[in-house]
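For reference, the chains in residue letters:
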Amino acid sequence: MNSNMHPMDKIFAPSGLFEKNFEDYEYREPQLLLAQKIWDSFMQQRNTVFVAEAPTGIGKTFALLAPALKWALPQEKRILFLTAGITLQEQLIRKDLPRLKELLGYDVSFGLLKGRGNYVCVRRALELEHEGFLSFGDSGAASIYLSEWLKKTQTGDLSELKLPSDFPIFPRVAAQVRGCLGHRCPYRDRCFIQKALKKAQNWDVIVSNYHMYFAYVMNGKGTFPVDFDVLICDEAHRMVDAARSISSVRVSWEDLVRLLRSKGAATAESFLSNREEEQGVLRDELSSVQEEGRKLFELLEVSIADGVLIPVRNEELYRCGLLVSSHIETALKMLRSIEELCNEKPYDVDDGPLALALAWIEEVRLFSHSLQWCLAVGHFPEWAYWREGDALVSEPTLCSDKVSEGILSQKAEKIIAISATMTVEGSFDFWKRETGIIPTDTYVLESPFDLEKQMKILVVDLGLKVIEKGYDERVCRVVERLCNDNGGSSLVLLSSMRLVKKVGNWLKGSQHPYTVYVQNELPRTELLERFRSDLSSVLIGSVSFREGVDVPGEGLTQVIIDRIPFPHPKDPVVQSRNELEGRKAFVTVILPQAKMFLRQALGRLIRSKSDQGRVVILDGRIIDRQDWRIRKDLPLVPIQRFTVKSNSVAHEKTV
Ligand code: SF4
């Protein structure tokens, strides 16, 4: 090897290992540059936090893994590779890691530690059984099927169940963060998460997700149960949402009913079996909890609108909540003898009924605390509070301390955070502010595509404001015309479910040669699969589809976005942020976030060097609001502007 040659050249450069061994390999300079930068950060004699933005198409995964493996394996160091979604995790396990293993000739072991919600919680599943094979509109067939499967499964992976992914039994039995009893769980020897963690102790590379990671580092002992030396955070723009969701506090009527009916309640009661009178009192207290709880959640439904921020304590609800908690407290006092049993003699975790009763007591106590937390509204605006269906929810407004502590506290020697969209106007400031992470090195890569030749941007001023009469119909007409003009093959991203429904109905009700798919009419993966295979089809979805849609080629040649994707102003977390930071929140958070969302949406269009297409944004403010500087975050391609006047479209100018 030439002494000036970088160690990564041997792998990625022309005539390198990749080109020699894989026919389909295409040399990409940005991939080599990224791998070199990462290797150089590994070579520094200090702990490093390397942060990079790497656009779609550069072959980022290999550029991350090759230097990491080359550095870690000879020193017997372990890599923890985190992503946000299961698709990327499965691709790593099925394709990328086996390919690199073969190419580099390393004896590397690896495996996937899925997010908790992918595993069945044995305790919850057995509780469901205890409730008598509940019917989910199927006369209990799914419950019986689950129970049979539970006896046979080796992994506890819920995807083994042949049921639609949105079948209501899944949320009832999936493992959770809150409510997991950990070492106190009487079923911990059978727990599939514990088994998966045990297996992971033998892997050189663990692939997992942010939820799983934050669930450990932010709760309980604050350490991830498997040691690691290199932490790779892919899709790093999604860290904050994961940390926020792990920190959220939630109580619902459904939770309360489940707790009161659970096997733990009956087991706890059985400890008073020689004191019939006390058993009766306990039962009365628990039925008071149920009765007062029912009143509380009924009152919640009529006094607080769904999804609306609760900035101050509602005194009536708070009083009702205190009543529920006081009955819980009385019931728990009666059960103190169970806890005292454990103080008198060493706690025997193998005593199943005792562990179950203790675990139930802990869960009931947690419910009571969470209820008080949500009803007291004592930490607004640092925390946001709202109602969501039959539940009360509270989430932290800012997560930077939680994210930075979670990522940095594990003392990994080398940390890499990377994503296709992390910068705003080329700067990582927004990401740094939101995550609280200060990188030691940063790097921004250019897109490997010739965007100027491959894509066009059209800005259409609809001539009406969202609140004006006729706006929705105008969106429908313009979207229809654009889709017809393009012969389908379009992804339509809309800012509200109201518009998704309207535009979906409009297009489905009109004559055209392409099929129209609308969000929620099928499970997301199936919808995406159909959209991908039906080349002329049109997919209509909310902005949540700005990520995870990967359709290279003819199947996607047009992306239509109805407006600049500002977070919804009534979103409780957004409102809390406004309250916390005042007017500057727009510039420091809301606008940068909208720019990131917009870039993610635009990123759906060009997925390979041969792709061609256009992005149409139905929002004249892209150009008119020069003070927002949105163009600085758009690809450097000419933008054509059109204005809609009544139902005709006038071409104005190219800017
Ligand atoms: S430890 Fe127990 S409660 Fe926690 S996921 Fe496992 S089975 Fe469920």
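Source: prediction; values computed, not measured.

What counts, and where the lines are drawn
- Residues numbered from 1 in each chain as written.
- Predicted model: local features only at pLDDT ≥ 70, side-chain atom pairs only at ≥ 80, totals over all residues.
- Heavy atoms only, no water.
- Near = heavy atom within 4 Å.
- Nonpolar A, V, L, I, M, F, W, Y, C, P; charged D, E, K, R; others polar.
- Pairing = 2+ DSSP bridges.
- Helix = DSSP H or I, 4+ residues; strand = E, 2+ residues; numbered from the N terminus.
- Axes fitted to C-alpha atoms, helices over the stretch in contact; angles between N-to-C directions.
- Contact = heavy atoms within 4.5 Å.
- Patch = residues over 30% accessible without salt bridge, like charges linked within 9 Å, V, L, I, M, F, W, Y side chains within 5 Å.
- Areas by Shrake-Rupley, 256 points an atom, 1.4 Å probe, with all protein chains shown as cover.
- Salt bridge = Lys/Arg side-chain N within 4 Å of Asp/Glu carboxyl O.
- Lys, Arg positive; Asp, Glu negative; His and termini not counted.
- Charge placed at Lys NZ, Arg CZ, Asp CG, Glu CD.
- Buried < 20%, exposed > 50% of the residue type's maximum accessible area, 1.4 Å probe, protein only.
- Expected span 1.5 Å × (residues − 1).
- Arc of directions from axis to C-beta.
- Domains from an automatic or database assignment.
- Buried area = accessible area lost by both parts, 1.4 Å probe.
- Parallel < 35°, antiparallel > 145°, perpendicular 65-115°, else oblique.
- Left-handed = near helix turned anticlockwise from the far one by under 90°.

Close contacts around the ligand come from C121, V122, R123, A175, C180, L181, C185 and C191, and that covers them all. Looking at side-chain class alone, the shell around the ligand contains seven nonpolar, no polar and one charged residues.

A sheet is described by the order of its strands in space; here seven strands give the open sequence β3-β4-β2-β5-β9-β1-β10, paired in parallel fashion. In this open sheet, the two strands that pair with only one neighbour each are β3 (110–112) and β10 (441–444). Strand-to-strand twist in this sheet, taken as the mean axis angle between neighbours without regard to direction, amounts to 15°. Where strand β1 (residues 48–53) and β10 come together, four bridges link them in parallel fashion. Along β10, the bridge assignment pairs E53 with V444. On top of the sheet, helix α4 (residues 60–72) reaches β2 (79–83), β4 (205–209), β5 (230–233) and β9 (414–419); it is set at about 160° to β2, its chief contact.

Here the focus is a negative patch on the surface. A surface patch of negative charge is lined by E254, E301, D306 and D390. Residue position: E301 is located in helix α14 (residues 276–303). Classification of E301 by relative accessible area gives exposed; the value is 54%.

Let us look at helix α22 (residues 497–508). An α-helical turn contains 3.6 residues, so any two residues separated by three or four positions project in the same direction. Helix length check: α22 (twelve residues) gives 16 Å between terminal C-alpha atoms against 16 Å at 1.5 Å per residue, within 8%. Considered for burial, the residues of α22 that qualify are L499, V500, V503, G504 and L507. Buried residues of α22, viewed axially, fall in a sector of 130°; they line one side. Among the exposed residues of α22, those pointing more than 90 degrees away from its buried face are K501 and N505. Next to the buried residues of α22 lie α21 (471–486), β12 (490–494), β13 (516–518) and β14 (538–542).

Following the criterion strictly, the structure yields 37 salt bridges and no others. A salt bridge links R244 to D241; the nearest nitrogen and oxygen atoms lie 3.8 Å apart. A residue pair is termed a helical-turn pair when its members lie 3 or 4 positions apart in one helix, as R244 and D241 do in helix α11 (residues 239–247) at three residues. Judged by its relative accessible area of 11%, R244 is buried. The closest approach of N and O atoms between E363 and R258, which form a salt bridge, is 3.1 Å. Within this pair, whereas E363 is found in helix α17 (residues 352–376), its partner R258 is found in helix α12 (residues 253–261), the two being separated by 105 residues in sequence. The two residues E363 and R258 agree in class, both being buried.

Our next topic: the domain arrangement of the protein. By the assigned domains, the protein splits into domain 1 (1–119 + 189–247 + 413–448), domain 2 (249–396) and domain 3 (451–654). The C-alpha-based centres of domain 1 and domain 3 are spaced at 31 Å. Residue-level contacts link 17 residues of domain 1 with 17 residues of domain 3. Counting each side, the surface lost to burial between domain 1 and domain 3 is near 1500 Å², with a carbon and sulfur contribution of 49%.

This part covers the packing of helix α3 (residues 29–43) against α4. Close contact between α3 and α4 brings their axes to 8 Å; oriented N to C, the two are set at 30°. The orientation of α3 relative to α4 falls into the category roughly parallel. For the pair α3 and α4, the crossing hand works out as right-handed. Here Q31, L34, A35, I38, W39, F42 and M43 of α3 lie close against α4, whose contacting residues are K60, F62, A63, L64, P67, A68, K70 and W71. Classifying every residue of the contact of α3 with α4 by side-chain character gives twelve nonpolar, one polar and two charged.

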